[in-house]
Amino acid sequence: MAEVVHRTPNPFAGGGLDRAMERRADDAWLTARKSDPSSRVVPVWRSCSLVRETSREVATEAAEAGYDPVLLTPAQAEISEPPGEWIFLGLDRGREGDRALFAAAVSGSREPVLAGVGTFVDLRRVGALLEQREGSLLAYARAVVTWSRRHRFCGTCGSPTRSGQGGHVRRCEGEACGAEHFPRTDPAIIVLVTDGDRCLLGRKAIWPDGVYSTLAGFVEPGESVSEAVVREVREESGIEVGAVRYRSSQPWPFPASLMLGFRAERVGGELRVARQELVDARWFGRSDFARRREIGFRLPGRVSIARRLIEDWLAGDRSRGNVPAGTP
Ligand SMILES: [Zn+2]
């Protein structure tokens, strides 16, 4: 299963952060870092990430503004909930030395006042407008904070859990239980189905008007990822696929997915849209993409690996800096 190596990783991947796992068990070091003024905290409030607009230009069709994450100092992060329960993300190795990075939940029904330092936004909205490593950092923070908040009680016995290993485990406090719960990543497949010079895209009712995208679904217990690709495509469209090829992956922390991107070729079946999943699915020829305004369909946003799966196919896999795996 050779991976296509992209010079630019998918949004939310490619952060390159040193996770410094050996420090997760070092409580004294972690406590010292929490009061070190050079440390920084990535806040997550109601699943939203704190950003501010920058003057940096971002090359999108709409020429949108870029965004930078806003990291809090330890003093600013005192509003976290529960207090001081920060999750150690890793070390930012800068020119002036290493600084520890944490993530923390910020509670409250109203947006916390942080002296006008930024705005809390849905990461899906700004993910393509952030620098690679910063998008990755915010995705990592959102994923671990969401997991931690959803596992405050043990799924085995119902007792409260306590954060350990720098926040990367939650241990059950029940006397007879003591179960350990670890952050989850749920694999999901996303696939561009092709049939010669056309590709299959579907549309969900909740998507913006005219958007058609690749088919996707969760890998179920007891199946391999390629089995999940074959099953999902069959269920959603009635199409049978063979030659399932892995392309690349993308962390998708909404709340805990890992998108595994594939290309698959139709080998049989006729298009039959599963209405409980999609409102429509169609074959689009290459020429349809050039005149998509006329036809009235839109591609998924750049934040999703779906867009890259489609664009790589349109470009014949050779442009946009793609190189075969193993090429230096
Ligand atoms: Zn328990």
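Refer to the structure above for everything that follows.
Owing to the predicted nature of the structure, the values given are computational and were not obtained by experimental measurement.

Thresholds applied
Residues numbered from 1 in each chain as written. Predicted model: local features only at pLDDT ≥ 70, side-chain atom pairs only at ≥ 80, totals over all residues. Heavy atoms only, no water. Salt bridge = Lys/Arg side-chain N within 4 Å of Asp/Glu carboxyl O. Buried < 20%, exposed > 50% of the residue type's maximum accessible area, 1.4 Å probe, protein only. Helix = DSSP H or I, 4+ residues; strand = E, 2+ residues; numbered from the N terminus. Polar contact = N/O pair within 3.5 Å; in protein donor to acceptor, adjacent residues only side chain to side chain. Donors = N, O, S within 2.8 Å, 3.2 Å for Na, K, Ca; no water. Tetrahedral: all angles 85-135°; square planar, octahedral: opposite > 155°, others 65-115°. Pairing = 2+ DSSP bridges. Contact = heavy atoms within 4.5 Å. Phe/Tyr/Trp six-rings, centres within 6.5 Å; stacked < 30°, edge-to-face > 60°. Lys NZ or Arg CZ within 6 Å of the ring centre and 35° of its normal.

Enquirer: How should the pattern of salt bridges be read in this particular structure?
Expert: Working definition: two side chains of opposite charge can pair if their charged atoms are close together. A complete count under the given rule lists 25 salt bridges for this structure. With a closest N to O distance of 3.4 Å, Arg-291 and Asp-288 form a salt bridge. Residue Arg-291 is classed as partly exposed on the basis of its relative accessible area of 37%. According to the relative accessible area criterion, Asp-288 is buried, its value standing at 14%. The network of salt bridges with shared partners includes Asp-195, Arg-198, Arg-266 and Glu-270.

Enquirer: Looking at this model, I keep getting lost on helix H7 (residues 305-314). Mind explaining?
Expert: Two residues of an α-helix separated by three or four positions point the same way, owing to the 3.6 residues in each turn. Among the 10 residues that make up H7, 9 are buried, leaving the element largely enclosed by the rest of the structure. Those residues of H7 that fall on the buried side of the exposure criterion are Ile-305, Ala-306, Arg-307, Arg-308, Leu-309, Ile-310, Glu-311, Asp-312 and Trp-313. Where H7 begins, the side chain of Ser-304 points an oxygen toward the backbone nitrogen of Ala-306, at a separation of 2.9 Å. Immediately downstream of H7, the backbone of Gly-316 shows phi near 70°, a positive value.

Enquirer: How should the coordination of the zinc ion be read in this particular structure?
Expert: Working reference: metal with six octahedral donors, ideal angles 90 or 180 degrees; metal with four tetrahedral donors, ideal angle 109.5 degrees. Bound to the zinc ion on the protein side are Cys-154 (SG), Cys-157 (SG), Cys-172 (SG) and Cys-177 (SG), at distances that span 2.3 to 2.4 Å. For the zinc ion, the 4 donor atoms in the first shell make angles of 95 to 117° at the metal, so the coordination geometry reads as tetrahedral. Mapping the donors of the zinc ion onto the primary sequence yields the spacing C-x2-C-x14-C-x4-C. Separated by 23 residues along the polypeptide, Cys-154 in the loop between helix H3 (132-150) and strand E8 (161-164) and Cys-177 in the loop between strand E9 (169-172) and strand E10 (180-181) bring together distant segments of the chain.

Enquirer: How should the sheet that holds E9 be read in this particular structure?
Expert: In a beta sheet, neighbouring strands pair by backbone hydrogen bonds and run either parallel or antiparallel. The strand order across the open sheet formed by 3 strands is E8-E9-E10, and the pairing between neighbours is antiparallel. Edge positions in the sheet fall to E8 and E10, since each of these pairs with one other strand and no more. Relative to E10, E9 runs antiparallel, the two sharing 2 bridges. Along E10, the bridge assignment pairs Arg-171 with Glu-180.

Enquirer: Looking at this structure, how should I read the side chain of Ser-80?
Expert: With respect to the element layout, Ser-80 can be found in the loop between strand E4 (65-69) and strand E5 (87-94). Taking the relative accessible area as the measure of exposure, Ser-80 reaches 3% and is therefore buried. Looking at Ser-80, its side chain comes within polar contact range of the side chain of Trp-86, at 2.9 Å. Residue contacts for Ser-80: discarding those within four places in its chain leaves Trp-86, Ala-104 and Ala-105.

Enquirer: How do you make sense of the pairing of strand E12 (residues 198-203) when you look at a structure like this?
Expert: Successive residues of a regular strand alternate their side chains across the two faces of the sheet. For E12, a buried count of 5 out of 6 residues is recorded, marking the element as mostly surrounded by other parts of the structure. In the sheet, strand E11 (residues 186-195) pairs with E12 via 3 bridges, with the strands oriented antiparallel. Looking at the pairing, Asp-195 lines up with Arg-198 of E12.

Enquirer: Mind showing me how you'd approach the packing of aromatic side chains here?
Expert: Between two aromatic rings, the relevant description is the distance of the centres plus the angle of the planes. For the structure shown, the criterion picks out 14 aromatic pairs. Seen in terms of ring centroids, Trp-29 and Phe-88 are 5.4 Å apart; in terms of plane orientation they differ by 80°. Their pairing is edge-to-face. Of this pair, Trp-29 sits in helix H1 (residues 27-34) while Phe-88 is found in strand E5, placing the two residues 59 residues apart along the sequence. No difference in accessibility class separates Trp-29 from Phe-88, as the two residues are buried. In this structure an aromatic cluster arises from ring pairing among Tyr-212, Phe-284, Phe-289, Phe-297 and Trp-313. Positioned above the aromatic ring of Trp-283, the side-chain terminus of Arg-198 is 4.3 Å from the ring centre. A cation sits over an aromatic face here: Arg-286 above Trp-313, 4.1 Å from the ring centre.

Enquirer: Can you help me understand the environment of Asp-92 in this one?
Expert: Looking at the secondary structure, you find Asp-92 in strand E5. By relative accessible area, Asp-92 is classed as buried at 14%. Counting along the chain gives 40 residues from Asp-92 to Gln-132, while the straight-line C-alpha distance between them is 14 Å. Discounting residues that sit within four places of it in the chain, Asp-92 has contacts with Leu-17, Gly-97, Asp-98, Arg-99, Leu-101 and Arg-133. A distance of 3.1 Å separates the side chain of Asp-92 from the side chain of Arg-133, its partner in a polar contact.

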